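Chains, contacts and geometry: an overview
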Amino acid sequence: MLALDQTFFVGKVVDRVVRSGADVRLSTAALTYTEMLLQAARDYPGLPDPRTLTVPEIVFFYNGLRDELRRHTRPNTGAPPRAPRRKHG
């Protein structure tokens, strides 16, 4: 088991996370892959034990969410939200 001050994500950061509707590169591998892992674990309840996932597996699951994250984190354009349509009948 890792001590609290240790990280198992080390090395050069090559992947990006989604922030404000766009891909951004974070400053460290620990920040990048921790954020990816937390998002994947939140959205995939059947995910294997996170302690056993490799970086390529974390990236695979995160990439499955990437388009949805872009849509839902885009900055607001300032237009008022549309009211839902009523069903007639």
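Here the structure is a predicted model, which is why all the values come from computation and not from measurement. (Residues numbered from 1 in each chain as written. Predicted model: local features only at pLDDT ≥ 70, side-chain atom pairs only at ≥ 80, totals over all residues. Heavy atoms only, no water.)

Some details on the side chain of R66
As for its position among the elements, R66 is in helix α3 (residues 66-73). Judged by its relative accessible area of 11%, R66 is buried. Engagement of the side chain of R66 in a polar contact is seen with the backbone oxygen of R16, the distance being 3.0 Å. Only 3.0 Å separates the side chain of R66 from the side chain of D23, close enough to count as a polar contact. (Helix = DSSP H or I, 4+ residues; strand = E, 2+ residues; numbered from the N terminus. Buried < 20%, exposed > 50% of the residue type's maximum accessible area, 1.4 Å probe, protein only. Polar contact = N/O pair within 3.5 Å; in protein donor to acceptor, adjacent residues only side chain to side chain.)

A closer look at the packing of helix α1 (residues 29-43) against helix α2 (residues 55-63)
Orientation of α1 relative to α2, taken along the N-to-C sense of each, is 55°, at an axis distance of 9 Å. It follows from the interaxial angle that α1 and α2 lie oblique. When you trace α1 past α2, the crossing you get is left-handed. Taking contact as the criterion, the partners of Y33, M36, L37, Q39 and A40 in α1 are, on α2, V55, I58, V59, F61 and Y62. A per-class count over the contact of α1 with α2 returns nine nonpolar, one polar and no charged. (Axes fitted to C-alpha atoms, helices over the stretch in contact; angles between N-to-C directions. Parallel < 35°, antiparallel > 145°, perpendicular 65-115°, else oblique. Left-handed = near helix turned anticlockwise from the far one by under 90°. Contact = heavy atoms within 4.5 Å. Nonpolar A, V, L, I, M, F, W, Y, C, P; charged D, E, K, R; others polar.)

A look at unusual backbone geometry
Look at S20: it is not a glycine, yet its phi comes out positive at around 50°. In this fold, S20 is placed in the loop between β1 (17-19) and β2 (22-24).

Some thoughts on the nonpolar core
Ranked by size, the top nonpolar core spans 16 residues in total, and within it V17, Y33, M36, L53, I58, Y62 and L69 carry the most contacts. Only β1, α1 and α2 provide two or more residues apiece to this core. For this core, the element with the highest residue contribution is α1, accounting for five residues. (Core = buried A, V, L, I, M, F, W, Y, C linked by side-chain atoms within 4.5 Å.)

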